[in-house]
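# Architecture and fold: a report
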Amino acid sequence: MSRIASVLLPMPLPEAFDYAEPEGMGLEVGDQVAAPLGPRLVRGVVTALREAAGGNRPLKPIGAKLEEAPLPPGTLEFVQWAARYAADVPGAALAIALRGARVPKPKPERVVAATGQAPARPTAARTKVLETLAGTQMSPADLARAAGVSSGVIKGLVDEGVLAVRLVEAQARFDAPDLSLPGHALNPSQAAAAKGLVAMLGEGGFNVALLDGVTGSGKTEVYLEAAHAALAADPQAQVLILLPEIALTQAVIGRVATRFGAAPGEWHSDIAPPLRRQVWDGVASGACRIVVGARSALFLPFRKLALIVVDEEHDSSYKQEEGFIYQARDLAVARGKIEEAAVVLASATPSLESLRNAETGRYRWLRLISRHGTAQLPDITLIDLRDSPPDKGRWLSPPLVEAMTETLAAGEQTLLFLNRRGYAPLVLCKSCGERLTAPDTDSWLVEHRYSGRLVCHLTGFSMPKPEACPHCGAKDSLVSIGPGVERVEEEARALFPDARVAVFSSDTVWDAKEARRLVASMEDGEIDILVATQAAAKGHNFPKLTLVGVVDADLGLRGGDLRAAERTYQLLAQATGRAGRRDRPGRALLQTYAPDHAVMQALKVQDRDAFTETELNERELAGLPPFGRLAAVILSGPDPVALDTFARGMAEAAPNTEGVRIYGPADAPLALIRGRRRKRFLVQAGRGVDLSAYMAAWRARVRPPGAIRLAIDMDPYSFL
């Protein structure tokens, strides 16, 4: 009797589709297949197989079983779990898991190999070619270079039949990790933490540990010891190290390569598609045993995942905000449980969720309370801008300028931190007061002096800065309000004309190669003053950096973000932690208009525990995470009347469940993006409520009209 195959397609579809398995195809769960969908064949994955019952309606047969690696059971289960958790369709999660498999394989390479036939005229050059080849195969160009001969010599041997040309599939080479290499010498605190992680791995199965260490305490070396233990315990074991920023991957890849004598697989949006395909295949085959990557690396088809490390686990970059919406830190824990793997969450400023889990014993809590070697934490001083304001038209206060002067005189480096890209965050007309925004969007246009353009960081729209106000036509009336990193750089160059000044932001560092170059320049002392956004505020180790100046410490406290205090503390603690990481003492100066704020006081005395205790108490009283759950519903559409009507109807369709409160619908703070009006709901629930199931049930009760889009964000980080 023939079988029925349920095939999940990487598309926004609610469930797998059933197809008939052709005789002799021999499908297994996880196999990739070409399944008919309308007039075309679509790649999909078999999620279930069952015997066909008599009387069933005829089903379309599967077109072909693809010669691609199947998704392992753990990966397939994880994809389906992630979709349920996100209250989204499983095809959206599957699309991420198949991203590498859908890239065409690299074209076959031409190589030459000896046929065994001797050359009719054995010249010295021909003999050298055969000696160089010595039973292997090489591309003609590589062989010519290695043998030191011209391409004509190779061609002559091919024409004579001494060498044969073959086409071979390009293969990525993933060297096996050398587990005999010694690790770095660990101080007693590091050694104790490493021992705890190794013991956890020795127990086997699923476990989670929070590696909580101050900036510069050497957390990377500790979790690399755990990686060594995992790889040594099983010759097939695989390790995944997640990082929040592409700029950090190169430094960690270098440390992994040094520790294990082999470069890991690299996975993020900046790698070329052919390499992405090779890493995907290497992970699926088990040849790639260590992967360093961004959040989407969680969806790779690991055959035997033994350890997941989430470095800088608190970082908001782990939250995917578009398409399939997920929090990679939480999904990492879920994947660890599915794979029966160990999970290490590492941070100097852990998220309140992770801290709460550590305090209650759900996670093991390993603490590193001092910096590695002789380095000490920097002294932190608050500059009250009400008492020491910058000069008119300036953004750096006199105390900060004086500290920079002293630092430069000592031959040391300064980091000026401002988490705002561009030259100025707002451009307005001094004649009519018009604030320039992107077309069909509420987002302000940001001036970028480097390019001479006004840019919307939300939609990507850009335009040359006009000579006249587009609203009233007044010429030379547009003024730039507030500072961005480019404006701070301009001021630093004016104050210190002999200093070497550079900017580190996503506008000046376009890819991983440029990030490596800039970081290397800073490490080598070729930069005196680095003006940077959060791209340089975490994970980097600059030996000569002794002064960090935070230009606008209050920036993250503005707005209605429920996590504003926590995120501001984390970001500023990470930024100030770049100072004094070697044998030179460091200091940090924070410019603020609110020096008495709890965040500023906690940073000043470096009492993270007091801050987190206060913040947790407030969260508990309000029923906010980690003591409660939140979800958001974001509706958008081109017609405001139709959107309002649908939003009211959705509110009426909400399931009536005890322990769930719904706020809204309300206009989103950014109520217009790309010509689409936006509405939001905020849903609050207790920890005992399965909020994912509730949101899925609510979603199933409504059917948005074609022009209206509905997105669900579990545990939202953005409230815009």
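Our subject is the structure that appears above.
Residues numbered from 1 in each chain as written. Predicted model: local features only at pLDDT ≥ 70, side-chain atom pairs only at ≥ 80, totals over all residues. Heavy atoms only, no water.

What follows is about the packing of helix H15 (residues 564-576) against helix H17 (residues 608-622). Where H15 meets H17, the closest approach of the two axes is 11 Å, and the angle between their N-to-C directions is 165°. Regarding the angle of H15 to H17, the classification is roughly antiparallel. Every pair of crossing elements has a handedness; the one defined by H15 and H17 is left-handed. Contacts from Ala-565, Glu-566 and Tyr-569 of H15 reach H17 at Arg-608, Phe-611, Glu-615 and Arg-619. Classifying every residue of the contact of H15 with H17 by side-chain character gives 3 nonpolar, no polar and 4 charged. (Axes fitted to C-alpha atoms, helices over the stretch in contact; angles between N-to-C directions. Helix = DSSP H or I, 4+ residues; strand = E, 2+ residues; numbered from the N terminus. Parallel < 35°, antiparallel > 145°, perpendicular 65-115°, else oblique. Left-handed = near helix turned anticlockwise from the far one by under 90°. Contact = heavy atoms within 4.5 Å. Nonpolar A, V, L, I, M, F, W, Y, C, P; charged D, E, K, R; others polar.)

So, on to the pattern of salt bridges. Scanning the entire structure with this criterion turns up 32 salt bridges. Linking Asp-528 and Arg-500 is a salt bridge whose minimum nitrogen-to-oxygen distance equals 3.0 Å. Of this pair, Asp-528 sits in the loop between helix H14 (512-523) and strand E26 (529-532) while Arg-500 is found in the loop between helix H13 (485-495) and strand E25 (501-504), placing the two residues 28 residues apart along the sequence. On the accessibility criterion, Asp-528 (15% relative accessible area) is buried. Of the charged contacts, one joins Arg-619 and Glu-566 as a salt bridge, the two residues approaching to 2.8 Å between their closest N and O atoms. Of the two residues, Arg-619 sits in helix H17 while Glu-566 sits in helix H15, which places them 53 residues apart along the sequence. This pair shows no difference in class: Arg-619 is buried, exactly as Glu-566 is. Through salt bridges with shared partners, one network takes in Arg-43, Glu-68, Arg-277 and Asp-281. (Salt bridge = Lys/Arg side-chain N within 4 Å of Asp/Glu carboxyl O. Buried < 20%, exposed > 50% of the residue type's maximum accessible area, 1.4 Å probe, protein only.)

This next bit is on the side chain of Thr-533. Here Thr-533 is to be found in the loop between E26 and strand E27 (545-550). Since its relative accessible area comes to 5%, Thr-533 is described here as buried. If near-sequence neighbours (up to four positions away) are discounted, Thr-533 is found in contact with Phe-417, Leu-418, Asn-419, Arg-420, Arg-421, Val-485, Phe-504 and Ser-505.

Over its 13 residues, H15 extends 18 Å from the first C-alpha to the last, a length consistent with the 18 Å expected when each residue adds 1.5 Å. Within H15 the residues assigned to the buried category are Ala-564, Ala-565, Glu-566, Thr-568, Tyr-569, Gln-570, Leu-572, Ala-573, Gln-574, Ala-575 and Thr-576. (Expected span 1.5 Å × (residues − 1).)

Let us now look at the layout of surface pockets. Roughly 790 Å³ of volume is contained in the second largest pocket. Every residue lining the second largest pocket is counted, 29 residues in all, and those nearest its centre are Tyr-85, Asn-357, Arg-362, Tyr-363 and Arg-687. At the level of secondary structure, the elements contributing two or more residues to the lining of the second largest pocket comprise helix H1 (73-85), helix H10 (328-339), helix H11 (352-359) and strand E29 (628-637). For the lining of the second largest pocket, the element with the highest residue contribution is H10, accounting for 6 residues. When grouped by side-chain class, the residues that make up the lining of the second largest pocket number 14 nonpolar, 4 polar and 11 charged. (1 Å grid on protein atoms, 1.4 Å probe; cavity = no way out; pocket = protein on both sides within 12 Å on 5 of 7 lines; lining within 4 Å. Points joined across faces, edges and corners; volume = space filled by probe spheres on them.)

Grouped together as the largest cluster of nonpolar side chains are 50 residues, with contacts concentrated most on Leu-240, Val-291, Leu-298 and Phe-299. When sequence neighbours within four positions are dropped, the list of residues in contact with Leu-240 reads Val-291, Ala-297, Leu-298, Phe-302, Leu-305, Leu-307, Ile-308 and Val-309. Ranked by size, the runner-up nonpolar core spans 32 residues in total, among them Val-519, Ile-527, Val-550 and Phe-611. (Core = buried A, V, L, I, M, F, W, Y, C linked by side-chain atoms within 4.5 Å.)

For the structure shown, the criterion picks out 8 aromatic pairs. Judged by centre distance (6.4 Å) and plane angle (85°), the rings of Phe-299 and Phe-324 are edge-to-face. Highlighted residues: Phe-299 in the loop between strand E12 (290-293) and strand E13 (305-311) and Phe-324 in the loop between strand E14 (319-320) and strand E15 (326-327), separated in sequence by 25 residues. With a relative accessible area of 1%, Phe-299 lands in the buried category. For Phe-324, a relative accessible area of 5% translates into the label buried. With centroids separated by 5.4 Å and ring planes inclined at 70°, the aromatic side chains of Phe-299 and Tyr-326 adopt a geometry described as edge-to-face. With a gap of 27 residues between them, Phe-299 in the loop between E12 and E13 and Tyr-326 in strand E15 connect regions that are remote in the sequence. Tyr-326 matches Phe-299 in its accessibility class, with the two residues each being buried. Taken together through their ring pairs, the aromatic side chains of Phe-78, Phe-299, Phe-324 and Tyr-326 make up a single cluster. Lying across the ring of Phe-260, Arg-259 places its NZ or CZ 5.4 Å from the centre. Against the face of Tyr-717 rests Arg-563, its NZ or CZ located 4.2 Å from the ring centre. (Phe/Tyr/Trp six-rings, centres within 6.5 Å; stacked < 30°, edge-to-face > 60°. Lys NZ or Arg CZ within 6 Å of the ring centre and 35° of its normal.)

Quick look at empty space enclosed by the protein now. Empty space among the atoms becomes apparent when a probe as large as a water molecule is rolled across them. Per the stated rule, a full pass over the model turns up 5 cavities of 30 Å³ or more. Taken as a whole, the largest cavity holds about 60 Å³ of empty space. In this structure, the largest cavity is lined by Phe-174, Asp-175, Pro-177, Ala-262, Ala-263, Pro-264, Gly-265, Ala-287, Cys-288, Arg-289 and Ile-290. Of the residues assigned to the lining of the largest cavity, the class counts are 8 nonpolar, 1 polar and 2 charged.

Our next topic: the sheet that holds strand E9 (residues 207-213). With parallel pairing, the 7 strands of this open sheet are ordered in space as E11-E12-E10-E13-E16-E9-E17. Of all strands in the sheet, those with a lone pairing partner are strand E11 (265-267) and strand E17 (364-368), marking the two edges. Looking at each pair of strands side by side, their axes are set apart by 15° on average, direction ignored. Where strand E10 (residues 238-242) lies against E12, 4 bridges are found, and the strand directions are parallel. If you follow Ile-241 over to E12, its bridge partner there is Val-292. Against the sheet, helix H6 (residues 188-203) contacts E9, E13, strand E16 (342-347) and E17, and its axis sits at roughly 160° relative to E17. Helix-sheet contacts for H11 involve E9, E16 and E17, and the interaxial angle to E9 is about 115°. (Pairing = 2+ DSSP bridges.)

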